[in-house]
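# Descriptive structure summary
What follows is each chain in one-letter form.
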Amino acid sequence: MSHAVTIEEPQAQPQVSQTQCRTRLRAGNHISNRVYDFLYDPLFIVSSEKDHTQANVQATLIRSRLRKVPRFKTMFSNLIHYPRYSLYWSKSDPVPPFISREWKGHEEKHREALRQLAITDTSFQIPREVYEDPEVTGKNRYKYFERPFLPFFQQMPFSVVYAISKAEPYTFPPTSTKHLSIPSKSTVGTQTDYRDADVQTDPYSPEYVVCQDSIPELLTLATLTWGRGLPAGQAEVEMIERAREKRVWEATLPALSDTSQFEKRRKMMNEMERKEWAFREQEIEKLQEIRLEVLKELLRKREENQSEVNMKHLNARWSKLQEAKEAKMAKIQRTHVSTIRKLVGKGKNIEGKLERRNIIKDYSDYASQVYGPLSRLGCFPDNNSEDFVVKNYYLNTYEGLVELESRLPDFVTQPRIRAPKPKVITTKAGFLKRAARLDYELAEVHKALLDKKNKIPEARKPPRFLQRNPIPQPRLPTPTLEMTSNEEEEIEMAVIYLQKLLRGRVVQNMMFEGKEKRLELIQELRTCHALQEDEKLVKKAEKQVTLALQRQRNLHEHKVSLVENHLAGLEGRALADMFDFLSKELVRLQEERRIHAFVMLAERQRRVREAEESGRRQVEKQRLREEDEIFKEVVKVHHSTISSYLEDIILNTEANTAEEQARAEIEKMAEKINDIAYEMESRRTYLQSEEIVAELVYSFLIPEVQKYFVKEKVRNAQRKHILAAHQIIHSYTESMVQKRLTEAQQDEASNAAMLLEKETQNENNS
């Protein structure tokens, strides 16, 4: 199994798949959990023998050979003289004895020396190295199965990579004597989390040439670019259609040179302008709706964020209160347990008698003071705890610490300081948090205050050397002209005088403007620095006049304010009374109308209910009458059935009694007849027997036939009467049913008419 990646010469390395390389790279992260890989793993390489020794020491220190062996009798004890486990030094070595603990670099040095010797001595032949077959399809097949590392979970089949078919063991070619063999290429397997579509640039737009006297329609879309109109959507298609319609409309416009069609052109342009304004208004409305939707979404998100923050605050507050509650409950529970224990202890010895110590009970009870003494009684079980401390040469002596420090790796003695991660001061939406903004403002204010506090005024330093004040250059002389006559000289003097007047006037105007601009400042200076007595008296008089005018104005304003307040109070009371009266009247009128409406609705509902109740009452009376008739008929039927039932019972009883009596008499007669028959049988002859049989048959058959004929005659005679009775009964019942149906229909029609009349009367009244 591999845990690191080594770069060897391509000629000497067997074929390894990219999946195996990635497996080795990821497996290298777990080297800290496998301390003996420098001995087992053939791909684990250290730089020198010193690193090999440090790795060996580190493995020895990480894996402690002290073993804790539990004692089953005192496995759950916390006492010192009854420890739970014992410490034993394990003599077993995790590395088998056949594994060499020497550094593998000696073999590499030996191989390198052989190579150098082969370079210098051409007669020397390097022994061939035979590499072991990786057996990709054999026992090492499991090393070539790996799933690709993806940022999301997805069920994917195993990616299996097979090696090529077996070949002969590879041998080194003869090396050159002039130059060392340097690998020309190095193949590295990579894996990316991005697709080709994620790095795709804008589509390529080739150059084009427009033919003369032709304007392709496609050039009207030259302003559309990828991401800004392309690929075209519904809005772009609508824009193209509008542009086509406008071009068609422009083609239908009359020419400007035709004066007769000028009015028509103006009307068409005005109509098109109105259409464009209407379309623009629709677009503006759509944009406003979209903005409103965006604002609603932002408000919703803000409310969600606020509710989330509130929920976090509530959860934090609830958790704090829950913790406080649990702490209080735990405290109450501890107090309860302590109090119960004290009460139990007091209850064991209520009378307060002194008891002698029972040594056998103390030693038999593992919860007694012998096994678990209390420190408040003067026993401290940790006094001799240093006797059980395991002493180590490397930790308790200076020489051991120095030796241990020399064998430790560099990252232990030279700690690596990692820079702290910057604090997140932005929200999910990318805005600055309120707390971060307040911290930034407070830091700026604090910095400004510190700068102002620590600012030291710089004293003006005297000049170290004498400095020469620059002298302004003199004004250039005004060029003059020599005059040839007195008139020209007088004109020149007049012009010069006029120039002086103009310059003086300009200076005077500038001074006047400056005085006007700073008149208030001058007056303030005069009021503060008036030194003459007459000016002081004038200022004092002006001050008194100003104060008097101010007092008069204040008195006048006070009087006016009093009058206005009084008038406002009167107006307010009058308006308040009037508004109060009007509001009460309005409320009264509204209540009156509402009550009137309620009364009307209640009256209408009462009338409707009365009509419904009267209809129901009539229907109920009709139903009662029908039920009474039905009850009477049922009672009649019951009486008839009872009488017939009683008659049947009487007849049956009479028949049964007659049958019993007849049977009894017949049995008596049969006995007598049997006696006589037996007696006659014993005396009669054959002819007499046949004569008796014939007489019996004749006396039995003839009466039965006569009886049957008589019953048929009676049945035929009664059938006429039964048919007549059935016809009479059915005709009477059918007439009664039809009569009842007609009466019920007439009652329903009369009730409906009455209800309609009442509703019309109620509507007319309302």
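Just so we're clear, the structure is a prediction, and the values are computed from it rather than from any experiment.

## Points about the overall build of the protein
- Across its full length, the protein holds 15 helices and six strands.
- The burial tally for the protein puts 8% of its 766 residues in the buried class.
- Summarising the internal contacts of the protein: among those between residues at least 6 apart in sequence, 49% fall at separations of at least 24.

## Section: the packing of aromatic side chains
- Scanning the entire structure with this criterion turns up five aromatic pairs.
- Here Tyr-82 and Tyr-371 contribute two aromatic rings whose centre-to-centre distance is 6.0 Å and whose plane-to-plane angle is 45°, an arrangement assigned as tilted. Here Tyr-371 lies in the loop between α7 (359-364) and α8 (393-396) and Tyr-82 lies in the loop between β1 (66-70) and β2 (85-89), a separation of 289 residues in the sequence.
- Taken together, the ring pairs in this structure connect Tyr-82, Tyr-363, Tyr-366 and Tyr-371 into an aromatic cluster.

## Observations regarding the packing of helix α5 (residues 234-252) against helix α6 (residues 262-348)
- It is the contact of α5 with α6, at a shortest axis distance of 12 Å, that shows an interaxial angle of 170°. One way to sum up the angle between α5 and α6 is to call them roughly antiparallel. Contacts from Arg-242, Lys-246, Trp-249 and Thr-252 of α5 reach α6 at Met-268, Met-269, Met-272, Glu-276, Phe-279 and Glu-283.
- Partitioned by chemical class, the residues of the contact of α5 with α6 number five nonpolar, one polar and four charged.

## Quick notes on the pattern of salt bridges
- Tallied over the entire structure, the rule returns 23 salt bridges.
- In this structure, Glu-304 engages Arg-300 in a salt bridge whose closest nitrogen and oxygen atoms are separated by 2.3 Å. Remark: Arg-300 and Glu-304 occur in helix α6; sequence separation between them is four residues, near one turn of the helix.
- The network of salt bridges with common partners includes Glu-603, Arg-606, Arg-607 and Glu-610.

## A closer look at a negative patch on the surface
- Together, Glu-281, Glu-285, Glu-289 and Glu-293 line one region of the surface with negative charge.
- The residue Glu-281 is located in helix α6 in this model.
- A relative accessible area of 48% places Glu-281 in the partly exposed class.

## Some thoughts on the side chain of Ser-77
- Secondary-structure assignment places Ser-77 in the loop between β1 and β2.
- With near-sequence residues (within four places) excluded, Ser-77 lies in contact with Tyr-82 and Arg-84.

## A short note on the confidence of the model for the protein
- With 82% of its residues at a pLDDT of 70 or more, the protein has an overall mean of 77.
- Mean pLDDT per element in the protein: helix α1 (residues 18-27) is the minimum at 40, and α6 is the maximum at 91.
- Scored below 50 in pLDDT, residues 1-31 shows 49 contacts in the model against residues more than four places distant or in partner chains.
- Throughout residues 149-181 the model reports pLDDT below 50, and contacts reaching past four residues in sequence, or to other chains, amount to 38 contacts.

## Describing a nonpolar patch on the surface
- Nonpolar side chains collect at one region of the surface, where Leu-287, Ile-290, Leu-292, Val-294, Leu-295 and Leu-298 lie side by side and expose about 550 Å² of accessible area between them.
- Within the fold, Leu-287 resides in helix α6.
- You can call Leu-287 partly exposed: its relative accessible area is 42%.

## Focus on the nonpolar core
- Counting residues in hydrophobic clusters, the biggest one holds ten residues: Tyr-36, Phe-38, Leu-39, Phe-44, Val-46, Ala-55, Ala-59, Val-95, Ile-99 and Trp-103.
- For this core, the elements supplying multiple residues, two or more each, are α2 (37-40) and α3 (49-62).

## Some details on the environment of Tyr-394
- Turning to its location among the elements, Tyr-394 is positioned in helix α8.
- For the pair Tyr-394 and Leu-404, spaced ten residues apart in the sequence, the C-alpha separation amounts to 6.3 Å.
- Excluding residues that lie within four positions of it along the chain, Tyr-394 makes contacts with Gly-400, Leu-401, Glu-403, Leu-404 and Arg-407.

So, how was this worked out
- Residues numbered from 1 in each chain as written.
- Predicted model: local features only at pLDDT ≥ 70, side-chain atom pairs only at ≥ 80, totals over all residues.
- Heavy atoms only, no water.
- Helix = DSSP H or I, 4+ residues; strand = E, 2+ residues; numbered from the N terminus.
- Buried < 20%, exposed > 50% of the residue type's maximum accessible area, 1.4 Å probe, protein only.
- Contact = heavy atoms within 4.5 Å.
- Phe/Tyr/Trp six-rings, centres within 6.5 Å; stacked < 30°, edge-to-face > 60°.
- Axes fitted to C-alpha atoms, helices over the stretch in contact; angles between N-to-C directions.
- Parallel < 35°, antiparallel > 145°, perpendicular 65-115°, else oblique.
- Nonpolar A, V, L, I, M, F, W, Y, C, P; charged D, E, K, R; others polar.
- Salt bridge = Lys/Arg side-chain N within 4 Å of Asp/Glu carboxyl O.
- Patch = residues over 30% accessible without salt bridge, like charges linked within 9 Å, V, L, I, M, F, W, Y side chains within 5 Å.
- Areas by Shrake-Rupley, 256 points an atom, 1.4 Å probe, with all protein chains shown as cover.
- Lys, Arg positive; Asp, Glu negative; His and termini not counted.
- Charge placed at Lys NZ, Arg CZ, Asp CG, Glu CD.
- pLDDT = per-residue confidence, 0-100.
- Core = buried A, V, L, I, M, F, W, Y, C linked by side-chain atoms within 4.5 Å.

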